[in-house]
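Coordinates in review
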Amino acid sequence: DGGITQSPKYLFRKEGQNVTLSCEQNLNHDAMYWYRQDPGQGLRLIYYSQIVNDFQKGDIAEGYSVSREKKESFPLTVTSAQKNPTAFYLCASSIRGELAKNIQYFGAGTRLSVL
Amino acid sequence: AQKVTQAQTEISVVEKEDVTLDCVYETRDTTYYLFWYKQPPSGELVFLIRRNSFDEQNEISGRYSWNFQKSTSSFNFTITASQVVDSAVYFCALSENTNAGKSTFGDGTTLTVKP
């Protein structure tokens, strides 16, 4: 089954700790995205990547870092510099090409809480 | 800058009622794409429809229909004869042609359908 897998489903972070959220896709999509969702709010873009070994900051990149070493994988690290990390994190991917342009496919999300 | 406004934060209806979710957008691009996504309680966003800026035809898919009006910058979503399974958060999103596949999401409308 093709899709996007995010792990873990729940994650707890201690003060001053860096944590990494995993996102893997087997859809052969070029582009991948990370969003943050806070209660009652829409999705805000953290980082995105159009191709391997390249990524750009979104609207709220401070306190986060990413890598894109493989097409299938786009992990997100929430660093200790992110002072308010409690949120629901969603990973998405999209295919290049006019017919499916910009339609995004989402994982099931990771819920991050601070201990 | 692009913006998506979903003025209805929460809507509650009784099963079999029709319900319309409003979406108003702002963009300076002449070519853009509009989307609706559904987020059920499980958390994973599911793509419902994409409409490009040159196609103002309304669309119907089963109980779902969409009304795109460029003159009022609106892309409204109607569910006919609502069902309990329609209960979810619905997001409207906008993607400009030049922004490398990124989408701007509205804050979402939480729809509750009561039996």
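Once a new chain begins, its residue numbering starts again from 1 and follows that chain's sequence as written. As they are written, the chains are lettered A onward and the ligands numbered 1 onward, keeping that order. Local features in this predicted model are restricted to residues of pLDDT 70 or higher, and side-chain atom pairs are both shown and tallied only at a pLDDT of 80 or more, whereas totals for entire chains, interfaces and linings draw on every residue. Side-chain descriptors were evaluated using all non-hydrogen atoms of the structure, hydrogens and water having been removed beforehand.

We now examine the overall build of chain B. Helix and strand definitions here come from DSSP, where helices need a minimum of 4 consecutive H or I residues and strands a minimum of 2 consecutive E residues; each element is numbered from the N-terminal end. Helices and strands together make up the secondary structure of chain B, namely zero helices and 12 strands. For chain B, the sequential pattern of α-helices and β-strands runs β-β-β-β-β-β-β-β-β-β-β-β. In this treatment the radius of gyration is a C-alpha quantity, and the globule benchmark scales as 2.2 Å times the residue count to the 0.38 power. At 14 Å, chain B has a C-alpha radius of gyration in line with the 13 Å of a compact globule built from 115 residues. The principal-axis extents of the C-alpha atoms in chain B amount to approximately 45 × 25 × 20 Å. In this scheme, a residue with accessible area under 20% of its type's maximum is buried, one over 50% is exposed, and one in between is partly exposed, where area comes from a 1.4 Å probe on protein chains only. The buried share among the 115 residues of chain B stands at 48%. Contacts are assigned to residue pairs that have any heavy atoms within 4.5 Å of one another. A separation threshold of at least 6 residues defines the contact pool for chain B, and within that pool the share at least 24 residues apart is 56%. If you sum the accessible surface of chain B, you get close to 5500 Å²; carbon and sulfur atoms cover 48% of it. In this tally, Asp and Glu contribute negative charge and Lys and Arg positive charge; neither His nor the terminal groups of the chain are included. Every charge is mapped onto a representative atom, which is NZ of Lys, CZ of Arg, CG of Asp or CD of Glu. The averaged location of the 14 negative side-chain charges in chain B is 2 Å from the averaged location of its 10 positive side-chain charges. Using the Shrake-Rupley algorithm and a 1.4 Å probe, accessible areas are obtained, with residue cover drawn only from the displayed protein chains.

A separate point is the packing of aromatic side chains. Within a pair of aromatic rings, the relevant descriptors are the distance that separates the centres and the angle that separates the planes. Geometry of aromatic contacts follows a simple scheme: Phe, Tyr and Trp rings, the Trp one being its six-membered ring, pair when their centres are within 6.5 Å, and the pair is stacked under 30 degrees between planes, edge-to-face over 60, tilted otherwise. On inspection of all chains with the given rule, the structure shows 20 aromatic pairs over all chains. Centroid distance Y35 of chain A to F106 of chain A: 5.9 Å. Interplanar angle 35°. Geometry classified as tilted. In this pair, Y35 of chain A sits in strand β4 (residues 31-37) while F106 of chain A sits in strand β10 (residues 105-106), placing the two residues 71 residues apart along the sequence. Between Y35 of chain A and F105 of chain B, the ring centres sit 5.4 Å apart and the planes meet at 80°, which makes this aromatic pair edge-to-face. In this pair, Y35 of chain A sits in strand β4 while F105 of chain B sits in strand β11 (residues 104-105), so the two residues belong to two different chains. The same class applies to Y35 of chain A as to F105 of chain B, namely buried. The rings of Y33, Y35, Y48 and F106 of chain A together with F35, Y37, F47, F91 and F105 of chain B are connected pair by pair, giving a single aromatic cluster. Two conditions define a charge sitting above a ring: the NZ of Lys or the CZ of Arg must be within 6 Å of the ring centre, and it must be within 35 degrees of the ring normal. The lysine or arginine in question, R68 of chain A, covers the ring of F74 of chain A, its NZ or CZ lying 6.0 Å from the ring centre.

Attention shifts here to a nonpolar patch on the surface. Only residues whose relative accessible area exceeds 30% and that form no salt bridge enter a patch; like-charged residues are grouped when within 9 Å of one another, and nonpolar side chains (Val, Leu, Ile, Met, Phe, Trp, Tyr) when within 5 Å. Each reported salt bridge corresponds to a side-chain nitrogen of Lys or Arg within 4 Å of a carboxyl oxygen of Asp or Glu. The grouping of Y10, F12 and L115 of chain A at the surface amounts to a nonpolar patch, some 380 Å² of accessible area in total. Among the secondary structure elements, F12 of chain A is positioned in strand β2 (residues 10-13).

Only buried Ala, Val, Leu, Ile, Met, Phe, Trp, Tyr and Cys residues count toward a nonpolar core, and they belong to the same one when joined by side-chain atoms within 4.5 Å. Core analysis: the largest hydrophobic core is formed by 23 residues, its most contacted members being W36, F77, Y90 and L111 of chain B. Listed by contribution, the elements that provide at least two residues to this core are β2 (10-14), β3 (19-21), β5 (32-39), β8 (64-69), β9 (74-79), β10 (88-96) and β12 (109-114) of chain B. If you tally residues by element for this core, the top one is β10 of chain B, at four residues. When residues no more than four places from it in sequence are discounted, the contact partners of F77 of chain B are V19, T20, L21, W36, L48, Y64, S65, W66 and Y90 of chain B. If you look at the next biggest cluster of nonpolar residues, it comprises 20 residues, including I4, L11, W34 and V66 of chain A.

This part takes up the environment of D18 of chain B. All names here are of chain B. Structurally, the position occupied by D18 is in the loop between β2 and β3. Linking D18 and D55, residues 37 residues apart in sequence, is a C-alpha distance of 25 Å. In contact with D18, not counting residues within four places along its chain, are I79, T80 and A81. Within the local environment of D18, its side chain forms a polar contact with the backbone nitrogen of A81, the two atoms lying 2.8 Å apart. Any pair of N or O atoms that falls within 3.5 Å is considered a polar contact. Within protein, one atom must be able to donate a hydrogen and the other to accept it, and sequence-neighbouring residues count only if both atoms are side-chain atoms.

Our focus in this paragraph is the sheet that holds strand β3 (residues 19-25) of chain A. Residue and element names in this part refer to chain A. In space, the four strands of this open sheet follow the order β1-β3-β8-β7, with antiparallel pairing throughout. In this open sheet, the two strands that pair with only one neighbour each are β1 (4-7) and β7 (64-66). When strand polarity is set aside, the average angle formed by the axes of neighbouring strands in this sheet is 20°. A pair of strands is labelled paired if DSSP reports no fewer than 2 bridges between them. Here β3 pairs with strand β8 (residues 76-78) via three bridges, running antiparallel. Counterpart to T20 in the pairing with β8 is T77. Convention adopted: a line fitted to C-alpha atoms gives each axis, helices being fitted over their contacting stretch, and angles between N-to-C directions are expressed from 0 to 180 degrees.

So, about the state of the cysteines. Residue and element names in this part refer to chain A. To count as a disulfide, a pair of cysteine sulfur atoms needs to be within 2.5 Å. Applying the stated criterion across every chain, the model contains two disulfides over all chains. One disulfide bridge connects C23 with C91, the sulfur atoms lying 1.9 Å from each other. Residues C23 and C91 are joined by a disulfide whose S-S torsion is about -75°; by sign, that bridge is left-handed. Here C23 is found in strand β3, whereas its partner C91 is found in strand β9 (residues 87-94), with 68 residues between them in sequence. Residue C23 shares its accessibility class with C91, and that shared class is buried.

Purely geometric numbers; function is a separate question.
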